[in-house]
Amino acid sequence: MSSKSELGSFLRTRRAQLRPADVGLPEYGERRRVSGLRRDELAQLAGVSESYYTRLEQGVSSNASTEVLDAIARALRLDETERRHLHDLAGAGQNRRAAARARSRRQPPERLSDFTRQLIASFGDTPVIVLGRRSDVLGWNPTGHALFAGHLDPASADHSSQRPNTTRLVFRDPHTRELYGDDWPKKARDAVGRLRLAVGRYPDDPVLAELIGELVMHSKEFTTLWSEHRVRDWDIATYRMHHPSVGAMEVTQQSMQVPDSPGQRIVAVTAAAGSDAQSALALLAHAANGDTRIDAWPQRATSQVGLDR
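Residues numbered from 1 in each chain as written. Predicted model: local features only at pLDDT ≥ 70, side-chain atom pairs only at ≥ 80, totals over all residues. Heavy atoms only, no water.

## Things to note about the packing of aromatic side chains
The cut-off we apply is this: Ring geometry is summarised as follows: Phe, Tyr and Trp rings, the Trp one being its six-membered ring, pair when their centres sit within 6.5 Å, and such pairs are stacked at plane angles under 30 degrees, edge-to-face over 60 and tilted between the two. Here a strand is any run of E in DSSP of at least two residues, a helix any run of H or I of at least four, and the numbering for each starts at the N terminus.
Applying the stated criterion across every chain, the model contains four aromatic pairs. Taken together, a centroid distance of 5.6 Å and an interplanar angle of 80° make the contact between F171 and W184 edge-to-face. Of this pair, F171 sits in helix α9 (residues 166-172) while W184 is found in helix α11 (residues 184-201), placing the two residues 13 residues apart along the sequence. Ring geometry for Y180 and Y239: centres 5.5 Å apart, planes at 80°, overall edge-to-face. Of this pair, Y180 sits in helix α10 (residues 174-180) while Y239 is found in strand β3 (residues 236-243), placing the two residues 59 residues apart along the sequence.

What follows is the structure, given as C-alpha cells:
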C-alpha cells in the first residue's frame, strides 16, 4: 500500500461526495463535468492554491503542514476520526512519515501480555475478545469465543499462524453473516472503516496489504465499501445479533485500548439490565463454562475460513 496513493484516493473520494450547495458555493445552473466539488473549489475553501492541492492529491507534495491539513479537513467537512485519518495518511511531515515507516517495518509479532490476560479474566462471564492492529483475534474468554466464533477452535487465537481475523470473518464466513443478520451491512461498514484506519497508521504493513488484497479478490461487497474510503473509529456500537444457540439479542460492543500495547483493543459485549439479551448472554456464559448444556454448534464446511491465510 502506498500512503501517497491512499491519500490521493481519500481526498478525491471525499471531494466527489460534496456538492457545491453543501458548502455554500453557487452552481449557477452550469453543466458540471465532475461529480462533487472541483479541485479549484476545494482549494478555495481550504485557502490553498489549486496547484498545491492538485499536487497533494497526486502524491507529489508530501510535506503538508498540520495547519493546511486541518484546513482541508474543514473544507471536506471531515469529522474528528476522519481528520486524524487524513493526518495519518499525509504523515504531517517527513520526520513523522519516516518514523511511521520505521515502526511498521519493526512491528514485532503481536501477543498478549500477562497483564492483558489478567484483565480478560477480570471481566468474568462478560464476552470479551482482544483484537490486534489488523483485527486479528489475539485472545478471548470462553464467552467471547462462544459468542463470536464458537464454530472455530478456541485455541486458534493462541497461534499467530492460525488466528481468526474478524474482518475476514465478516466478509467470508457464512456463520458470522448469519450472526449479525439484518445488521450485517452495519457491521460490514464498521469493519471496513476500522481497517481503513489501520491502513493510515500502518501503511507499510505487508500482512495488512495481503489481507486487503484477499478481501478485494473474494468479496464484491468489501470492494464496494473499500472504495468509499469511509473510516470508523473504535468506540461503541450496538448490533442485533442472532446466536444459533441462544437466539436473538441486542448487544453493545465497547472497545477499549489496551495500555502499553499499541494497536491492541479489548472489545467487551454487554446488554441492557433485565433484558432478554442479558439473559441470553448469561445462558451462553454458563454453557461456555460447562455449567449448562445447549445445542451443539452446527458444523460447517466453511468453518476454517477464519483461519486460512
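## Overview of the sheet that holds strand β2 (residues 137-140)
Here is the rule: Each pair of strands is called paired provided DSSP finds at least two bridges between the two strands. To obtain each axis, a line is fitted to C-alpha atoms, and for helices this fit is confined to the stretch in contact; angles are then taken between N-to-C directions over 0 to 180 degrees.
Sheet architecture is open: five strands sit in the order β2-β1-β5-β4-β3, paired in antiparallel fashion. Edge positions in the sheet fall to β2 and β3, since each has one partner strand and no second. With strand direction ignored, the average angle separating the axes of adjacent strands in the sheet is 30°. By the bridge criterion, three bridges tie strand β1 (residues 128-131) to β2 in an arrangement that is antiparallel. What sits directly across from L131, in β2, is V137.

## Description of the environment of L7
As a reminder, the rule being used: The buried label goes to any residue with under 20% of its type's maximum accessible area, the exposed label to any with over 50%, and the partly exposed label to all in between, with areas taken from a 1.4 Å probe on protein chains only. Contacts are assigned to residue pairs that have any heavy atoms within 4.5 Å of one another.
Here L7 shows up in helix α1 (residues 3-16). Judged by relative accessible area, which is 4%, L7 ranks as buried. It is 9.6 Å that separates the C-alpha atoms of L7 and G91, two residues lying 84 residues apart in sequence. Beyond its immediate chain neighbours, meaning those up to four positions away, L7 contacts L56, L86, L89 and A90.

## Looking at the environment of L11
Here L11 shows up in helix α1. Sequence separation between L11 and H229 is 218 residues, and the spatial gap between their C-alpha atoms is 9.0 Å. In this structure, L11 is in contact with Y53, L56, E57, I72, L76 and L86, ignoring residues within four places of it in sequence.

## Focus: the packing of helix α4 (residues 66-75) against helix α5 (residues 80-90)
Here is the rule we go by: Comment on the angle field: the value is read as roughly parallel under 35 degrees, roughly antiparallel over 145, roughly perpendicular from 65 to 115, and oblique elsewhere. By definition, any crossing whose near helix is turned counterclockwise from its far helix by less than a right angle is left-handed, and any crossing with a clockwise turn is right-handed. By the convention adopted, Pro, Cys, Tyr, Trp, Phe, Met, Ile, Leu, Val and Ala count as nonpolar, Lys, Arg, Asp and Glu as charged, and the other residues, Gly among them, as polar.
Close contact between α4 and α5 brings their axes to 10 Å; oriented N to C, the two are set at 135°. One finds that α4 runs oblique with respect to α5. When the axes of α4 and α5 are compared, the crossing they make is right-handed. Only R83, L86, H87 and A90 of α5 make contact with α4, whose side of the interface consists of T66, L69, D70, I72 and A73. For the contact of α4 with α5, the residue count by class is five nonpolar, two polar and two charged.

## Some words on the pairing of β3
In β3, alternate side chains face the same way, and those of A237, Y239, M241 and H243 are buried while those of I236, T238, R240 and H242 on the opposite face are not. By the bridge criterion, eight bridges tie β3 to strand β4 (residues 247-257) in an arrangement that is antiparallel. Paired with I236 across the bridge in β4 is Q254. Hairpin connection, β3 to β4: the antiparallel pair is bridged by three residues.

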